[in-house]
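Residue-level listing of the chains:
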Amino acid sequence: MSLWRYADRLPVEPLVTMGEGGTPLVLAEHLSELTGCEVWLKVEGANPTGSFKDRGMTVAVSAAVQEGAEVVVCASTGNTAASAAAYAARAGLRGAVIVPEGKIATGKLAQALMHGARVVALRGNFDQALAVVRELAALHPVSLVNSVNEYRIEGQKTAAFEVVDSLGEAPDVLCIPVGNAGNVTAYWRGFSELGDSPALHGYQAEGAAPLVHGAPVSQPETVASAIRIGNPARWEDAMGAFTSSRGAVRAVSDAEILDAYTLLGSREGVFCEPASAASVAGLLKHGAEGRVVCVLTGHGLKDPQTAMNRASSVVPCEPELAAVEKAVLG
Ligand SMILES: *Cc1c(COP(=O)(O)O)cnc(C)c1O
């Protein structure tokens, strides 16, 4: 069932949709054992283009169509580009995505291009790309679909509704990766609309942790490209959410992120992207109590190269039973 089951709490009609939301909430038995909590994984990689961005995009592009926009633009580290491109294609709008040159994962570039978007490689980082598209949108009649767009937050809040509906009540703690901080803002809005208040535990990568340090980071660096952001657009909203929920925002290292990423794949059977694993890395590092939901924001297939660098290598084999026996069972 798509997120449009919550249409009465959304600000537009579903004009551009392809079944986004309704993603699995999976009990993580191994992680529960490791942490002493009851850990659930919200598998957002199961959305149509492979990330939670589709929740916001179906609402934002529906609004763009209603408002008569012809062009949809965004700055992106990858997932927003793929999602905006797909929904623009479906709506018959022109899509343009500005990405940091050389810093976008293969899977996401392929998606954006296949959906016919104009992909612009900016010689700069995400924060610079966002600043320039904001200027562009102020001067031209284009619809900006980054998470500065209120419709994005509205769509994304439905993930909180789904978590509460699946569990029958709100969890004690929600662990979530934080980049531009739109998603944590959206979860907080969703829980608040239901009158719930789980503690929000946000995690940034050590090399891109402006909210943890209380100051923008001019050259953010981390393996987790989706949270490689030095100046979050939703700074105040996110800090408000951490404070109001009696939660916290903390940092995890790239090594901790990659360990959690590998553990999720090898022990829980869930292949997410590195940025997503920050939620689990944070839980493992800082702990929590009670029933915990970790948001796995995007699918691992986005970035096959990081996976191949981590995983064990392929076993070569001759086409004979003895050789296959040795290769498989040895
Ligand atoms: C966008 C994104 C994030 C960060 O979400 P924000 O709303 O920018 O905080 C985390 N993980 C993935 C996979 C993403 O695509």
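Model, not experiment: these values are computed from the prediction. (Residues numbered from 1 in each chain as written. Predicted model: local features only at pLDDT ≥ 70, side-chain atom pairs only at ≥ 80, totals over all residues. Heavy atoms only, no water.)

### Description of the nonpolar core
One finds Leu 31, Leu 41, Ile 257, Leu 264, Val 280 and Cys 294 to be the most contacted residues of the largest nonpolar core, which totals 33 residues. Mapped by element, the contributors of at least two residues to this core are strand E2 (38–43), strand E7 (173–177), strand E8 (199–205), helix H11 (254–268), helix H12 (274–286) and strand E10 (291–296). By size, the runner-up hydrophobic cluster in this structure holds 25 residues, among which are Ala 160, Val 178, Val 184 and Val 295. (Core = buried A, V, L, I, M, F, W, Y, C linked by side-chain atoms within 4.5 Å. Buried < 20%, exposed > 50% of the residue type's maximum accessible area, 1.4 Å probe, protein only. Helix = DSSP H or I, 4+ residues; strand = E, 2+ residues; numbered from the N terminus.)

### Regarding the domain arrangement of the protein
Here the protein is partitioned into domain 1 (3–52 + 151–309) and domain 2 (53–149). Contacts between the two partners involve 48 residues from domain 1 and, on the opposite side, 39 residues from domain 2. Each partner contributes to the roughly 3500 Å² buried at the junction of domain 1 and domain 2, and carbon and sulfur atoms together form 52% of this total. For the pair domain 1 and domain 2, the interface holds 3 salt bridges. With its nearest N and O atoms 2.6 Å apart, the salt bridge here joins Arg 55 to Glu 44. Secondary structure elements with two or more residues in the side of domain 1 that touches domain 2: helix H6 (150–156) and helix H7 (158–167). Looking at which element gives the most residues to the side of domain 1 that touches domain 2, the answer is H6, with 5 residues. Of the residues that constitute the side of domain 1 that touches domain 2, the class distribution is 19 nonpolar, 17 polar and 12 charged. (Domains from an automatic or database assignment. Contact = heavy atoms within 4.5 Å. Buried area = accessible area lost by both parts, 1.4 Å probe. Salt bridge = Lys/Arg side-chain N within 4 Å of Asp/Glu carboxyl O. Nonpolar A, V, L, I, M, F, W, Y, C, P; charged D, E, K, R; others polar.)

### Description of the pairing of E8
For E8, a buried count of 7 out of 7 residues is recorded, marking the element as mostly surrounded by other parts of the structure. What you see with E8 is no split at all: Ala 199, His 201, Tyr 203 and Ala 205 on one side and Leu 200, Gly 202 and Gln 204 on the other are buried throughout. Each parallel crossover has a hand, and the one from E7 via helix H8 (residues 182–193) to E8 is right-handed. One ladder, built from 5 bridges, connects E8 with strand E9 (residues 248–252); its direction is parallel. Residue pairing across strands places Gln 204 opposite Ala 251, the latter belonging to E9. (Right-handed = clockwise from strand over helix to strand, strands pointing away. Pairing = 2+ DSSP bridges.)

### A look at H12
Look at H12: 18 Å from first C-alpha to last across 13 residues, which is about the 18 Å you get at 1.5 Å a residue. Its maximal kink placed at Val 280, H12 deviates by approximately 25°. When you tally the buried positions in H12, you get 10 out of 13 residues, the bulk of the element. Taken together, the buried positions of H12 are occupied by Pro 274, Ala 275, Ser 276, Ala 277, Ala 278, Ser 279, Val 280, Ala 281, Gly 282 and Leu 283. The positive-phi residue at the C-terminal boundary of H12 is Gly 287, with phi of around 70°. (Expected span 1.5 Å × (residues − 1). Bend = angle between axes of the 7 residues up to and from the residue.)

### Thoughts on the packing of helix H2 (residues 53–66) against helix H3 (residues 79–91)
Relative placement of two packed helices is described by the angle separating their axes and the distance separating the axes. Running from amino to carboxyl end, H2 crosses H3 at an angle of 40°, the nearest separation of the two axes being 9 Å. Of the possible angle classes, the one that applies to H2 and H3 is oblique. In the crossing of H2 with H3, the sense of the turn from one axis to the other is right-handed. Between H2, through Lys 53, Asp 54, Met 57, Thr 58, Val 61 and Val 65, and H3, the contact on the second element is made entirely by Asn 79, Thr 80, Ser 83, Ala 84, Tyr 87 and Ala 91. Among the residues forming the contact of H2 with H3, the class breakdown is 6 nonpolar, 4 polar and 2 charged. (Axes fitted to C-alpha atoms, helices over the stretch in contact; angles between N-to-C directions. Parallel < 35°, antiparallel > 145°, perpendicular 65-115°, else oblique. Left-handed = near helix turned anticlockwise from the far one by under 90°.)

### Observations regarding the sheet that holds E8
Sheet architecture is open: 6 strands sit in the order E1-E2-E10-E7-E8-E9, paired in mixed fashion. Edge positions in the sheet fall to strand E1 (25–27) and E9, since each has one partner strand and no second. Along the sheet, successive strands turn relative to each other by an average axial angle of 25°, direction set aside. The pairing of E1 with E2 spans 3 bridges and is antiparallel. Of the residues in E2, the one forming a bridge with Leu 25 is Lys 42.

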